[in-house]
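Residues per chain are reported as follows:
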Amino acid sequence: MKIGRNDQCHCKSGKKYKKCCMNKETGPVPAEVIEHFQKVRAEQDYLKQAGIHINYVKPIMFKGKKVFALGNKVYADCPPNTTFHTFLIQILKETIGLDWFREQAKLPLEDRHFISICLEKLGEWIGKNEKTAERINSEVWGAKPDGYSKSLLSLAFDVCSLIHKQKLPTSLLARLKNRDQYQGARYEIAIAAIFARLDCDIQFTDENSKSKHCEFIATHRATGSSLAVEVKSKHRSGVLHQIGFLSPLEKLLSARMIGRLFNDALEQNPKDVPFAVFI
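Peer 1: Can you tell me about the packing of aromatic side chains, naming the residues and giving the values?
Peer 2: Under the counting rule described, the total for this entry stands at 9 aromatic pairs. A ring pair is formed by Trp100 and Phe101, whose centres lie 5.0 Å apart and whose planes are at 85°; its orientation type is edge-to-face. For the pair formed by Trp100 and Phe101, the shared burial category is buried. Site record: aromatic cluster; members linked through ring pairs are Phe195, Phe204, Phe216 and Phe278.

Peer 1: Give me the lowdown on the sheet that holds strand S9 (residues 275-278), citing residues and values where you can.
Peer 2: Overall, mixed pairing links the 4 strands, which are arranged S6-S7-S8-S9 in an open sheet. What marks the edges here is a single partner per strand, and that holds for strand S6 (200-204) and S9. If you compare each strand with its neighbour and ignore which way they point, the axes differ by 25° on average. Inspection of the sheet shows S6 paired to strand S7 (residues 216-220) by 5 bridges, in the antiparallel sense.

Peer 1: Got a sec to walk through helix H9 (residues 255-266)? Specific residues and values, please.
Peer 2: In this model H9 runs 16 Å from its N-terminal to its C-terminal C-alpha over 12 residues, within 8% of the 16 Å that 1.5 Å per residue would give. Of the residues making up H9, those classed as buried are Met257, Leu261 and Ala265. All buried residues of H9 lie within an arc of 75° about the axis, which places them on one face of the element. Those residues of H9 that are exposed and angled more than 90 degrees off the buried face are Ala255 and Arg256. Looking at the buried residues of H9, the elements they touch are strand S8 (226-231) and S9.

Peer 1: Would you mind going over the sheet that holds strand S2 (residues 65-70) in detail, with residue names and values included?
Peer 2: The 3 strands lie next to each other as S1-S2-S3, forming an open sheet whose pairing is antiparallel. In the strand order of this sheet, the two ends are held by strand S1 (60-62) and strand S3 (73-78), each with one partner. With direction set aside, neighbouring strand axes in the sheet form an average angle of 35°. The pairing of S1 with S2 spans 3 bridges and is antiparallel. The partner of Met61 across the bridge, within S2, is Lys66.

Thresholds, definitions, all that
Residues numbered from 1 in each chain as written. Predicted model: local features only at pLDDT ≥ 70, side-chain atom pairs only at ≥ 80, totals over all residues. Heavy atoms only, no water. Phe/Tyr/Trp six-rings, centres within 6.5 Å; stacked < 30°, edge-to-face > 60°. Buried < 20%, exposed > 50% of the residue type's maximum accessible area, 1.4 Å probe, protein only. Pairing = 2+ DSSP bridges. Helix = DSSP H or I, 4+ residues; strand = E, 2+ residues; numbered from the N terminus. Axes fitted to C-alpha atoms, helices over the stretch in contact; angles between N-to-C directions. Expected span 1.5 Å × (residues − 1). Arc of directions from axis to C-beta. Contact = heavy atoms within 4.5 Å.

This is the structure we're talking about:
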């Protein structure tokens, strides 16, 4: 008869089996195994402290290629030197559309989308740092990113977080690619991605609905608690595709301006669940 971990130990010590003879009978655990799981636990604790509670699957090597998994899809043909950062940016490019980026590259700089500019600046940053940066190994190097690179990587991480949850609506992606709608869509993706990384299921509301509605409902998987979320972002002259120049007075949002955004957001309150507003 098999003894359960919480059963009384068969040696009559009065202790539970797991705290008595179980380890003696299974033998000592190799130091390499203990070190591996300590490393895994440390990584998990670090991610949770950073607010990341969803399980990004670590890549593996197979037939000379690095294999990644994201959402319900496996990417089995990545070069062996692909890092998590470069993988995220590649998924962003494929999600937005490689043809879209090619068309953007043909436009004058003043007519191009901010995402396209960030990708070009990333290429310039790589060319500037690749030969002089500190090398982690023969294939991988690291250097301090500039603002454009960080902006692109942040967007890629947010988009991939929603893809991993299989919650990236085509309508939201279309708004992201639209110069005039980019700022609001980017902010909505950022907030939704935070909830996705907190291990919430995201249910975006119907944008075609004529009734007032919030952006999405986030439901925490562990507790089942739901939260209605509305996001508001103020366009300002000279910022993110907006015509004009940003004056010193406009750099700070006034209380009146924030109040108007907040009051507009309150009209989207669904009433039947707790409601959160991000401005």
